[in-house]
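# Coordinates in review
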Amino acid sequence: MENNKKIKQLTKSVIDNQDQVLTTNDGVPIYDNNNTLKAGDRGPSLQQDHIFYDKLGHFDRERIPERVVHARGSGAHGVLEIHEDISEFTCAKFLQKGVKTPLFTRFSTVAGFKGSTDLARDVRGFSVKFYTEDGNFDLVGNNIPVFFIQDAMNFPDLIHAVKPEPDKEIPQAASAHDTFWDFVSLMPESAHMIMWVMSDRAIPRSLRMMEGFGVHTFKLVNKDGKGTFVKFHWKPKLGVHSVAWNEAQKISGYNSDFHRQDLWDAIESGNYPQWDLGVQLIPEEDEFNYSFDLLDATKIVPEEVVPVKIIGTMTLNKNPDNFFAETEQIAFDPGRIVPGIDLSDDPLLQGRVFSYMDTQNYRLGGNFHEIPINRSIVQKHNNQKDGSSRIDILKGNVSYFPNSKASGCPYQAMWKGEEGFVSHKQKVDGAKVRARSDSFADHFSQATLFYRSQSEEEKQHIINALSFELSKVNDPKIRERQVAILYQIDPTLAQKVGDNLQITPPTELDELTLKFARQNHPNYPIQPKKVEVEKSAALSMKVGKGEGTIATRKVAFLVSEGVEKQSIDALKNALEKQGAEAVLISTKVGDLTLDNGEKVNIEHTYTTDPSVCFDAVYTPAGASVDVLKNNADYYEFINDAYRHCKVLAFAKGTEKLLDKSFVEKDAGVFLANENDQWVDGFIDMLKKHRVWELEESRKVPS
Ligand code: HDE
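Residues numbered from 1 in each chain as written. Predicted model: local features only at pLDDT ≥ 70, side-chain atom pairs only at ≥ 80, totals over all residues. Heavy atoms only, no water.

As a reminder, the rule being used: UniProt positions are given in the numbering used here, feature names are shortened, and annotations may be inferred rather than shown by experiment.
As annotated in an unreviewed UniProt entry, the protein is Catalase from Weeksella virosa. As stated in UniProt under Sequence similarities (unreviewed entry), the record for the protein gives "Belongs to the catalase family. HPII subfamily." What UniProt states about the protein under its Catalytic activity (unreviewed entry) heading is, verbatim, "2 H2O2 = O2 + 2 H2O".

Given below as structure tokens:
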């Protein structure tokens, strides 16, 4: 394993309790861990019970402040391997061809508390800490390439608006409430991001099936100090896939740890998730050549305009040993950059450089960089000592610079002609102002580009999501103000959402929205520049990311006593050949007897693991049909799978079960008695993730 170096460092801190006597935190062996010290076995407890104080005192302080945003998250260790030469653009050691760098990745939702559901409609955080030979580099990105706001000053307001409302602390992990839509309907710069979060991108099928983006424009810097603008992309090897909103809601009820479990299980079973690392490279000279400003985090650089160059692959190959010590205590900070990479002047990014450091100091305390998961793999050397929870012991009486008593050590790299971090040389010129450039004033062109690039089915999901969210808004003024924004994006979109809310879309922005927009841009609205592309296939999950592998997909086999082994194997073997998994679902856990007398162990039932937890459904043949034909949970299972546009198959003799369901025989339903090629057809359809073309006829509740 290539992440050995970091793992080795971490294992130094891993404690194995096997065959060890229980001790206090000071290592004193504990004789009795059941009883407090008392005056007589029915008497009052004694204040001198140092063993009890050691245990309860620790327990009382076991919680630390959760992250103010992105509190809910799951992480894993891994490695990045670079396979393309981009030395022309960057001298970053970890980005050189052939280099393998250990890393830790943490995925998260934004709005919910630490214990909230994984399936909330939300942006997903996609943070990677690279333990490079030049120190740590943190790429703290999201699964959506743009953001709600342009300037860091608005961030606390955005978050206050989306978090549960402060009087009653409702709703949890949801943007569908008044304060969020109040805020965004007054901030038209959020229009593009709103399109993304109302799309299925905000409800991924798996953390392993989402893209990642650095969002901001960064800079690569080569050995001669030449800079190149760069956008970072993560492209999942398993494709980009989502669930339908109705599935997300149900999964939240059945298994609110769905994504966390999925990531853990995949890694435990050796199905290591992988992403390709891509870069969009933009020469500095081209900075002003686009219809948008490269420093504006509400804009993408369309892939058709600047292609994504794949340079390496990230593999997540080890689960954490301890959630708190690793996933909870990892401290990301976009200000952690290494030689060869620099920040751009994006005012959102600049604000982040303060906020993360500050929040980690509050959340974890000073010296959080000495916590094992945050330590660089290279030894740090500086004159900082003291501070809370200091772990390292700095030798000697010299802790200042310059010094002669320690021969000037630790020395600056320049003194010995060695390489060190040098900021990219950039001319800066301007009056000191609190202002926003008019090059940030086009709020709708890319929102329109996103919407137009979606397939008809995806558009319908966006309409449904907006209708759902705005229906949850109580204040009719807010609903109308947002529909006015939708009109600027696409009049038909506004019309369709308006129909669901009984609102005739206003053709102009609301006066209040204009008032706020004009604070930044006095001449708002400003005629936008002509966009480079009308549509971008890369923005659609159906068109751009569609058919691919079925590896790691889970197919539910609906069985009961007497099911035919041969009928199970007919599909199971074919699925397993392509890396998918057959999961038997029955009425009870424990032993199940097949038609040949063989016993198999059942771990999932119709009620513990319903259809929403699977990608496709198959009913094998056998005496089991007689049990299932009277089982309401079975019908709920296949009905749900059907409505969620999944592919279904029925072995010979099980087709009669359809009569009591509302499953219609359509192109996504394979009946073995009518189609000899049903196994191939089933697998081909599964490759598309969902039977997109049947969305309308199956009336998918999305
Ligand atoms: Fe964050 N963000 N953010 N953010 N963010 C935090 O840092 C902040 C932004 C992102 O897995 C906090 O450790 C400001 C954009 C992720 O631990 C905090 C602004 C993007 C994570 C913070 C932004 C992100 C955070 C809270 C606007 C995508 C989780 C706890 C200027 C590029 C990291 C913490 C993890 C976490 C501040 C905007 C992504 C408060 C001020 C844009 C993935 O520091």
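## Section: the UniProt feature "active site" (unreviewed entry) in the protein
Note the cut-off: Any two residues having at least one pair of non-hydrogen atoms within 4.5 Å are treated as being in contact. Helix and strand definitions here come from DSSP, where helices need a minimum of 4 consecutive H or I residues and strands a minimum of 2 consecutive E residues; each element is numbered from the N-terminal end.
When the UniProt feature table is mapped to this numbering, "active site" (unreviewed entry) covers His70 and Asn142. Taken together, the annotated residues stretch across 73 residues yet fold into one region, lying no more than 10.5 Å apart by C-alpha. Here His70 is in contact with Arg106, Ser108, Thr109, Val110, Gly125 and Asn142, once residues within four sequence places are set aside. Locating Asn142 in the fold gives a position in strand β4 (residues 135–142).

## As for the site of the ligand
Put simply, the rule is: Whether a residue is near a molecule or strand depends on its heavy atoms: if one lies within 4 Å, it is near. Throughout this description, a polar contact denotes any pair of N or O atoms lying within 3.5 Å of each other; where both atoms belong to protein, one of them has to be capable of donating a hydrogen while the other can accept it, and for residues adjacent in sequence the pair is counted only when both atoms sit in side chains. Amino acids are sorted into nonpolar (Ala, Val, Leu, Ile, Met, Phe, Trp, Tyr, Cys and Pro), charged (Asp, Glu, Lys and Arg) and polar (every other residue, Gly among them).
As a structural note, the neighbourhood of the ligand is formed by 24 residues, with Arg67, Arg106, Arg352, Tyr356 and Gln360 the closest of them. Interatomic distance of 3.4 Å between a side-chain N/O atom of His70 and a nitrogen atom of the ligand. Between the ligand and the protein, one listed contact pairs an oxygen atom with a side-chain N or O atom of Ser355 at 3.2 Å. Going through the elements one at a time, β3 (124–132), β4 and α9 (347–364) are the ones with two or more residues in the shell around the ligand. The dominant element in the shell around the ligand, judged by the number of residues it contributes, is α9, at 6 residues. Among the residues forming the shell around the ligand, the class breakdown is 11 nonpolar, 10 polar and 3 charged.

## Brief notes about the environment of Leu80
By the secondary structure assignment, Leu80 is in strand β1 (residues 73–82). Counting along the chain gives 197 residues from Leu80 to Leu277, while the straight-line C-alpha distance between them is 8.5 Å. Each residue touching Leu80, except ones within four places of it in the same chain, is listed here: Phe94, Val99, Lys100, Thr101, Leu103, Phe130, Trp234, Leu277, Thr313 and Met314.

## Details of the side chain of Ser116
Defined as follows: A simple rule labels every residue: compare its accessible area, found with a 1.4 Å probe on the protein chains alone, to the largest value its type can have, and call it buried under 20%, exposed over 50%, or partly exposed in between.
As for its position among the elements, Ser116 is in the loop between β2 (100–109) and β3. What makes Ser116 buried here is its relative accessible area of 5%. Reaching out from Ser116, the side chain makes a polar contact with the backbone oxygen of Phe113 at a distance of 2.6 Å. Ser116 has contacts with Arg72, Gln172, Ala173 and Ser256, leaving out every residue within four places of it along the chain.

## Things to note about the packing of aromatic side chains
Rules: Between 30 and 60 degrees the pair is tilted, below 30 it is stacked and above 60 it is edge-to-face, where a pair is any two Phe, Tyr or Trp rings, Trp via its six-membered ring, whose centres lie within 6.5 Å. Lysine NZ or arginine CZ positioned within 6 Å of the ring centre and within 35 degrees of the ring normal marks a charge as sitting over the ring.
According to the stated counting rule, one finds 26 aromatic pairs in the structure shown. Look at Phe130 and Trp234: their rings are 6.2 Å apart centre to centre, the planes differ by 20°, and that puts the pair in the stacked class. Of this pair, Phe130 sits in strand β3 while Trp234 sits in strand β7 (residues 227–236), placing them 104 residues apart in sequence. For the pair formed by Phe130 and Trp234, the shared burial category is buried. These aromatic residues form a ring-pair network of at least three members: Phe94, Phe107, Phe126, Phe130, Phe137, Phe218, Phe232, Trp234 and Trp275. The cationic tip of Arg121 hangs over the ring face of Trp245; the distance from NZ or CZ to the ring centre is 5.1 Å. A cation over a ring is seen here: Lys459 above Tyr451, with NZ or CZ 5.5 Å from the ring centre.

## Some remarks on the packing of helix α4 (residues 178–185) against helix α12 (residues 476–489)
Put simply, the rule is: Helix axes are fitted to C-alpha atoms over the stretch in contact, other axes to C-alpha atoms as well, and angles between N-to-C directions run from 0 to 180 degrees. Between 65 and 115 degrees an angle is taken as roughly perpendicular, under 35 as roughly parallel, over 145 as roughly antiparallel, and anywhere else as oblique. Left-handed describes a crossing whose near helix is turned anticlockwise from the far helix by less than a right angle; the clockwise case is right-handed.
With their axes 9 Å apart at the nearest point, α4 and α12 run at an angle of 40° to one another. On the basis of their axis angle, the class for α4 and α12 is oblique. The two elements α4 and α12 cross, and the hand of that crossing is left-handed. For the pair formed by α4 and α12, the contact residues are Asp178, Trp181, Asp182, Val184 and Ser185 on the first element and Ile478, Arg481, Gln482 and Ile485 on the second. In terms of residue class, the contact of α4 with α12 is built from 4 nonpolar, 2 polar and 3 charged.

## Considering the pattern of salt bridges
Counted only if it meets this: A pairing counts as a salt bridge when a side-chain nitrogen of Lys or Arg comes within 4 Å of a carboxyl oxygen of Asp or Glu.
Tallied over the full model, the rule gives 43 salt bridges. In this structure, Asp296 engages Lys299 in a salt bridge whose closest nitrogen and oxygen atoms are separated by 2.7 Å. What makes Asp296 buried here is its relative accessible area of 0%. A salt bridge links Lys687 to Asp684, with the shortest nitrogen-to-oxygen separation between them at 3.8 Å. Of the two residues, Lys687 and Asp684 are both situated in helix α18 (residues 678–687); the distance of 3 residues between them amounts to about one turn of the helix. A relative accessible area of 24% places Lys687 in the partly exposed class. According to the relative accessible area criterion, Asp684 is partly exposed, its value standing at 44%.

## Notes on the UniProt feature "domain: Catalase core" (unreviewed entry) in the protein
If you check UniProt for "domain: Catalase core" (unreviewed entry), the listed places come out as residues 23–409 in our numbering. Helix makes up 20% of residues 23–409 and strand 20%. Its end C-alpha atoms lie 41 Å apart.

## With respect to the coordination of the iron atom of the ligand
As a reminder, the rule being used: For Na, K and Ca the donor cut-off is 3.2 Å, and for all other metals it is 2.8 Å, counting N, O and S atoms only; because water is absent from this set, sites may look incomplete.
Counting protein donors around the iron atom of the ligand gives one, Tyr356 (OH), at 1.8 Å. Structurally, the position occupied by Tyr356 is in helix α9.

## Quick look at the sheet that holds strand β18 (residues 669–671)
Selection rule: Here, a strand pair is defined by DSSP locating no fewer than two bridges between the strands.
Pairing is parallel in the open sheet, where 6 strands are placed in the order β15-β12-β11-β16-β17-β18. Where the open sheet ends on each side, the last strands, each with one partner, are β15 (604–605) and β18. Sheet topology places strand β11 (residues 554–558) next to strand β16 (residues 616–619); 3 bridges connect them, and they run parallel. In the sheet register, Phe557 faces β16, and the bridge partner there is Tyr618.

## Comments concerning the pairing of β2
Counting buried positions along β2 gives 9 out of 10 residues, so the element sits mostly inside the fold. As paired strands, β2 and β3 are joined by 7 bridges and run antiparallel to one another. When the bridges of β3 are listed, Thr105 appears paired with Val128.

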